[in-house]
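# Summary of the model geometry
The residues making up each chain are set out below.
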Amino acid sequence: SRTNFITHDALQEAVIKFIKASLAMFYSSEKNKNPRVKFSKEKNRAISMSKPIPAMELERETINAQKRALVIEILKSILLLKSDNLNEKAKTFILFTHVQLKRNLNVENKGIIQLLALFGDVEKIVEKFEKELRNQKIDPEEAPIFGSKSGPGVTVTFDGRTSKTPQMKNSQSQKAQVAK
């Protein structure tokens, strides 16, 4: 099967960390987006919606938008490998990202919605997730994806399943990083 390699714990842990880092980068990029810049579909480039914006800033916004789109495409590719355990963890992180974007930035990102649609009816999934957050009294601001105050290893329950955020195990690479 094509998902056998993802069943190995070490690789699955690395992929989960990649997903978390990608979503954190995505959120940060979305948060720092210049609201005066929109993208023209016809011209496929950034345009200023009000006062002129320096060309460097327009270029930076274009590059950041491309990075956000690439994150969505890479995550979609990972999800389409259909590794159940990995996808459940990814789903939780994607839902946390969606809730934080909605609450903090008043944004419903189309790319995040597209990823959630891979799991079924987006409205139902988000509604159920938000209900679980309220029932468990979990504040999305303390979500494990963006540096939880609770620290690594926070347990989040969704859809009757428990997903523990991965912790780094002592490894040679970790020791090598500390030595640098």
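This one's a predicted model, so the numbers in the text were calculated from it and none came from an experiment.

### Notes on the overall build of the protein chain
Looking only at helices and strands, the protein chain has six helices and four strands in total. Along the protein chain, helices (α) and strands (β) appear in the sequence α-β-β-α-α-α-α-β-β-α when read from the amino end. Relative to its full complement of 180 residues, the protein chain shows a buried share of 39%. Within the protein chain, contacts between residues at least 6 apart in sequence are counted, and of these 65% link residues at least 24 apart. Summed over all atoms, the accessible surface of the protein chain reaches about 11,200 Å², with 52% contributed by carbon and sulfur.

### Quick notes on the packing of helix α4 (residues 110–117) against helix α5 (residues 122–135)
Viewed as axis vectors pointing N to C, α4 and α5 meet at an angle of 95 degrees, and their least axial separation amounts to 9 Å. Between α4 and α5, the interaxial angle falls into the category roughly perpendicular. Contacts between α4 and α5 involve Ile 113, Leu 116 and Ala 117 from the former and Val 122, Ile 125 and Val 126 from the latter. Of the residues assigned to the contact of α4 with α5, the class counts are six nonpolar, no polar and no charged.

### Quick look at the pattern of salt bridges
According to the stated counting rule, one finds five salt bridges in the structure shown. The closest approach of N and O atoms between Lys 102 and Glu 130, which form a salt bridge, is 3.6 Å. Placement of the pair is Lys 102 in helix α3 (residues 84–105) and Glu 130 in helix α5, with a sequence separation of 28 residues. One salt-bridge network, held together by shared partners, links Glu 30, Lys 33 and Arg 68.

### Concerning unusual backbone geometry
For Lys 82, which is not a glycine, the phi torsion comes out positive at approximately 60 degrees. Positive phi, close to 55 degrees, is recorded for Asn 106, a residue that is not glycine. Checked against the element boundaries, Asn 106 lands in the loop between α3 and α4.

### So, the packing of aromatic side chains
One pass over the structure, following the stated rule, counts one aromatic pair. Ring geometry for Phe 96 against Phe 129: centres 5.1 Å apart, planes inclined by 90 degrees, an arrangement best described as edge-to-face. Residue Phe 96 is located in helix α3, and its partner Phe 129 is located in helix α5; the two are separated by 33 residues in the primary sequence. Comparing Phe 96 with Phe 129 shows no difference in burial state: the two are buried.

### Digging into the confidence of the model for the protein chain
Low pLDDT means the predicted atomic positions in that stretch should not be read closely. When pLDDT is averaged across the protein chain, the result is 76; 67% of the residues are at 70 or more. The lowest-confidence element of the protein chain is helix α6 (residues 172–179), averaging 37 in pLDDT; the highest-confidence one is α4, averaging 97. Across residues 147–180, where pLDDT falls below 50, the model places 52 contacts with residues more than four positions away in sequence or in other chains.

### Side note on the nonpolar core
Ranked by size, the top nonpolar core spans 27 residues in total, and within it Ile 19, Leu 23, Leu 75, Ile 94, Ile 112, Leu 115 and Leu 116 carry the most contacts. The set of elements that each furnish at least two residues to this core consists of α1 (9–31), α2 (55–79), α3, α4 and α5. Among the elements that take part in this core, α3 stands out by supplying eight residues, more than any other. Non-local contacts of Ile 94, meaning those with residues more than four positions away in its chain, are made with Leu 23, Leu 79, Ile 112, Leu 115, Leu 116 and Phe 119.

Rules used throughout
Residues numbered from 1 in each chain as written. Predicted model: local features only at pLDDT ≥ 70, side-chain atom pairs only at ≥ 80, totals over all residues. Heavy atoms only, no water. Helix = DSSP H or I, 4+ residues; strand = E, 2+ residues; numbered from the N terminus. Buried < 20%, exposed > 50% of the residue type's maximum accessible area, 1.4 Å probe, protein only. Contact = heavy atoms within 4.5 Å. Areas by Shrake-Rupley, 256 points an atom, 1.4 Å probe, with all protein chains shown as cover. Axes fitted to C-alpha atoms, helices over the stretch in contact; angles between N-to-C directions. Parallel < 35°, antiparallel > 145°, perpendicular 65-115°, else oblique. Nonpolar A, V, L, I, M, F, W, Y, C, P; charged D, E, K, R; others polar. Salt bridge = Lys/Arg side-chain N within 4 Å of Asp/Glu carboxyl O. Phe/Tyr/Trp six-rings, centres within 6.5 Å; stacked < 30°, edge-to-face > 60°. pLDDT = per-residue confidence, 0-100. Core = buried A, V, L, I, M, F, W, Y, C linked by side-chain atoms within 4.5 Å.

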